[in-house]
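Letter by letter, the chains look like this.
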Amino acid sequence: MNRRDVVRRMGAGLAALSATNLAAAPLAAPSKQRVLRIAHLTDTHMQPLVGAAKGFEKCLHHVQGLSEKPDLIINGGDAVMEAHGRGQDSVRRQWGLYNDVIRSENALPILNCIGNHDIWCRKETKVYFDDGRKWAMDELQMSDRYYSLDRNGWHIVVLDSVQPKADGSWYTAHLDDEQYHWLESDLKVTPVETPILIVSHVPILAACVFFDGQRFSGENWSVPSRWMHSDTIRLTSLFHRYPNVKSALSGHIHLVDRVDYGGVSYFCNGAVSGAWWFGKYHHTAAGYAVVDLFNDGSVENTYVNY
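Quick caveat, the model's predicted, so the values are computed rather than measured. (Residues numbered from 1 in each chain as written. Predicted model: local features only at pLDDT ≥ 70, side-chain atom pairs only at ≥ 80, totals over all residues. Heavy atoms only, no water.)

## Observations regarding the environment of Thr-42
Within the secondary structure, Thr-42 sits in the loop between β1 (34-41) and α2 (52-64). C-alpha separation for the pair Thr-42 and Asn-269, spaced 227 residues apart in sequence, amounts to 7.3 Å. Residues within four places of Thr-42 in sequence aside, it is in contact with Gly-76, Gly-77, His-201, Ser-250, Gly-251, His-252, Asn-269, Gly-270, Ala-271 and Val-272. (Helix = DSSP H or I, 4+ residues; strand = E, 2+ residues; numbered from the N terminus. Contact = heavy atoms within 4.5 Å.)

## Thoughts on the side chain of Asp-176
Structurally, Asp-176 can be placed in the loop between β7 (171-173) and α5 (177-189). Judged by relative accessible area, which is 17%, Asp-176 ranks as buried. Excluding residues that lie within four positions of it along the chain, Asp-176 makes contacts with Arg-145 and Gln-163. (Buried < 20%, exposed > 50% of the residue type's maximum accessible area, 1.4 Å probe, protein only.)

## Quick look at the nonpolar core
Counting residues in hydrophobic clusters, the biggest one holds 57 residues, and the most contacted among them are Ile-38, Leu-41, Phe-56, Trp-95, Tyr-98 and Tyr-288. Apart from the residues within four sequence positions on either side, Phe-56 is in contact with Leu-41, Thr-44, Met-46, Tyr-98, Val-101, Ile-102, Val-272 and Trp-277. Judged by nonpolar contacts, the second largest core, of 29 residues, contains Ile-204, Trp-227, Tyr-266 and Tyr-281. (Core = buried A, V, L, I, M, F, W, Y, C linked by side-chain atoms within 4.5 Å.)

## Quick look at the pairing of strand β5 (residues 154-158)
In terms of burial, β5 is largely enclosed, as 5 of its 5 residues are buried. A two-sided burial pattern is seen for β5, the buried positions comprising Trp-154, Ile-156 and Val-158 on one face and His-155 and Val-157 on the other. As judged from the 5 bridges shared by strand β4 (residues 147-151) and β5, these two strands associate in the antiparallel manner. Directly across from Leu-149, in β5, lies its bridge partner Ile-156. Following β4, the chain reverses through 2 residues before pairing antiparallel with β5; Asn-152 in that reversal takes a positive phi of roughly 55°. Bridging between β5 and strand β8 (residues 196-199) involves 4 bridges; their strand directions are parallel. Bridging across to β8, His-155 finds its partner in Ile-196. (Pairing = 2+ DSSP bridges.)

## A short note on the pattern of salt bridges
Under the criterion given, the structure shown has 16 salt bridges. Note that Asp-176 and Arg-145 form a salt bridge whose closest N and O atoms lie 3.0 Å from each other. Taken together, the residues Asp-176 in the loop between β7 and α5 and Arg-145 in the loop between α4 (126-139) and β4 connect sequence positions 31 residues apart. By the burial criterion, Asp-176 is buried, and Arg-145 matches it. Through salt bridges that share partners, Asp-130, Arg-133, Arg-145, Asp-160, Asp-176 and Glu-178 make up one connected network. (Salt bridge = Lys/Arg side-chain N within 4 Å of Asp/Glu carboxyl O.)

## Some details on the sheet that holds strand β15 (residues 299-304)
Here we have 5 strands laid out as an open sheet, ordered β3-β2-β1-β14-β15, and mixed in their pairing. In this open sheet, the two edge strands, each paired with only one partner strand, are β3 (110-112) and β15. With strand direction ignored, the average angle separating the axes of adjacent strands in the sheet is 25°. Strand direction decides the pairing type here: strand β2 (residues 72-75) and β3, joined by 3 bridges, are parallel. Note on β3: the bridge partner recorded for Asn-75 is Asn-112. Packing against the sheet, α2 makes contact with β1, β2, β14 (288-294) and β15, and its axis sits at approximately 170° to β1. (Axes fitted to C-alpha atoms, helices over the stretch in contact; angles between N-to-C directions.)

## Quick word on the packing of aromatic side chains
Taken as a whole, this structure holds 9 aromatic pairs when the rule is applied. Seen in terms of ring centroids, Tyr-146 and Trp-182 are 5.0 Å apart; in terms of plane orientation they differ by 55°. Their pairing is tilted. Remark: Trp-182 occurs in helix α5 and Tyr-146 occurs in the loop between α4 and β4; sequence separation between them is 36 residues. Using a relative accessible area of 24% as the deciding quantity, one classes Trp-182 as partly exposed. Both rings, one in Phe-210 and one in Trp-221, keep their centres 5.3 Å apart while their planes meet at 85°; by these two values the pair is edge-to-face. (Phe/Tyr/Trp six-rings, centres within 6.5 Å; stacked < 30°, edge-to-face > 60°.)

From the geometry alone we can't say anything about function, so treat these as descriptive.
Next up, the structure:
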């Protein structure tokens, strides 16, 4: 065997060894990692009766006592028991109690969302409604009624579900045109590789709305637009255009459910107050959700009875 044969055989052997190693050890996929933990607290319904302040304190202590503490809290709306139709002194007392508990018992950052019970309105007109919403925003230190932000690789969008009805009969749930077009633009400019979490007070899509009161009559199911967004089809169609919309959180119904539709997981996350501080509401006890967001765009939502 001459030198040329030896070199040729060595080269063939190295090539075979290299091919074998490549086949046996493929490139590892990036590991799934949690990048953000959120405590979703909704429907606290603070009031000066039935130990609501003590109950809210207990909930906040539970949240902050978790072995893996959340990075932030999302207040999903209805922080106070009832601003609509009440005197201003009553509303001030409710907000005073709520903010006293937050100041003394919470050390986590909070993102706020407006609920229908937060809006003071003695007369059902848009002017009074807008003034009442501004009052709620001031109490919650919100500069905008809807907004978005980036956190730990996720894009979080907080919406304003609660709109005045044209006929003056309190409120309905949908996005006004100004807000819808803002949302459309916000989703469009968010990078496709950035997963998106939507937050609203009233569910955009939920199953538990069919169990809240007598919803079936005369062979028909009936869901008021106060219970679930009336623009569900418009919004789910919008989300379908942006596959990086991964999940939507809501409250309002005081019940817990999950609906997966069009690649989006919709979570309705009960109520801190349960049945307005009188035990369970139907089968759902007072609680909050721990929402874990991962770097691969996945979401884990766990309801916790505190």
